[in-house]
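Structural characterization, general
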Amino acid sequence: ILKTKGETRKRVASSLFAKLGLIFVDKETSPPQADLIDLITLCGGKVTKSRTRSRYCIGGAAQDKTHISLSEQWVLDSITHLKLQDTNKFLLFPYRSPSPEF
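Structural notes, computed from the coordinates. Quick caveat: nothing in here was measured; it's all calculated off a predicted structure.

Looking now at the nonpolar core. Ranked by internal contacts, the top residues of the largest apolar core, which has 16 residues, are Phe17, Ile23, Ile40, Ile58, Leu70, Trp74 and Val75. Of all the secondary-structure elements, those providing two or more residues to this core are strand E1 (22–25), helix H2 (33–42), strand E3 (56–58), strand E4 (68–70) and helix H3 (72–81). Beyond its immediate sequence surroundings of up to four residues, Phe17 is in contact with Ile23, Ile40, Cys43, Gly44, Gly45, Trp74, Val75, Ser78, Ile79 and Leu84.

Laid out in structure tokens, this is it:
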């Protein structure tokens, strides 16, 4: 059965952020935090209120090199293109991957 473009887009969008793990959205964002949380969860993402539990942080001014801190535009562009965008283009701060424990 052939699916319409609309059905395919809806399916892709509903799982866009599903495999990213926990995402933290800062209080000071534009669009507002509540709107970004709604968009992320509608696209399959899991949002946490704890920055320390997350891997990805959206927005905010606190310099945090232990998480992947991205601008709000990354969320919007990923949804617009129905594809996760290259995080390097949207980094707010340099990211250092945690050292492996031996």
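Among the structural elements, Leu91 can be located in the segment after H3. On the basis of relative accessibility, which here comes to 30%, the residue Leu91 falls in the partly exposed class. Separated by 23 residues in the primary sequence, Leu91 and Ile68 have C-alpha atoms spaced 7.2 Å apart. In this structure, Leu91 is in contact with Ile68, Ser69 and Leu70, ignoring residues within four places of it in sequence.

The strand order across the open sheet built from 4 strands is E2-E1-E3-E4, with neighbouring strands paired in parallel fashion. Of all strands in the sheet, those with a lone pairing partner are strand E2 (46–48) and E4, marking the two edges. Shown here is a sheet whose adjacent strand axes are inclined to one another by a mean of 35°, direction ignored. One ladder, built from 3 bridges, connects E3 with E4; its direction is parallel. Its bridge partner lying in E4, Cys57 is registered against Ser69. The strands that H2 touches are E1, E2 and E3; relative to E1, the one it contacts most, it runs at about 160°.

Between H2 and H3, the least distance of the axes is 11 Å, while the angle of their chain directions is 40°. Judged by the angle between their axes, H2 and H3 are oblique. By crossing handedness, the relation of H2 to H3 is classed as left-handed. Residues Leu36, Leu39 and Ile40 of H2 lie in contact with H3, whose contacting residues are Glu72, Val75, Leu76 and Ile79. Looking at the contact of H2 with H3, its residues break down into 6 nonpolar, no polar and 1 charged.

Reading guide: rules and limits
- For every chain, the first residue of its written sequence is number 1, and the numbers climb from 1 along that sequence.
- Only residues with pLDDT of at least 70 are given local features in this predicted model, and only at 80 or more are side-chain atom pairs given and counted; all residues enter the totals for whole chains, interfaces and linings.
- Here the side-chain values reflect all heavy atoms present in the structure, with hydrogen atoms and water set aside.
- Buried Ala, Val, Leu, Ile, Met, Phe, Trp, Tyr and Cys residues form a nonpolar core when they are joined through side-chain atoms within 4.5 Å.
- The classification of residues rests on relative accessible area computed with a 1.4 Å probe and restricted to protein chains. Under 20% of the type maximum is buried, over 50% is exposed, and intermediate values are partly exposed.
- Strands are runs of DSSP state E lasting at least 2 residues, helices are runs of H or I lasting at least 4, and numbering of each runs from the N terminus.
- Any pair of residues with heavy atoms lying within 4.5 Å of one another is described as a contacting pair.
- When DSSP locates at least two bridges between a pair of strands, those strands are taken to pair.
- Every axis in this analysis is a line fitted to C-alpha atoms, fitted for helices over the stretch in contact. Angles between the N-to-C directions lie between 0 and 180 degrees.
- Orientation is classified from the angle alone, with under 35 degrees giving roughly parallel, over 145 giving roughly antiparallel, 65 to 115 giving roughly perpendicular, and any other angle giving oblique.
- Definitions for this section: a left-handed crossing has its near helix turned counterclockwise from the far helix by less than a right angle. A right-handed crossing has that turn clockwise.
- Throughout this entry, Asp, Glu, Lys and Arg are counted as charged residues, while Ala, Val, Leu, Ile, Met, Phe, Trp, Tyr, Cys and Pro are counted as nonpolar. The remaining residues, Gly among them, count as polar.

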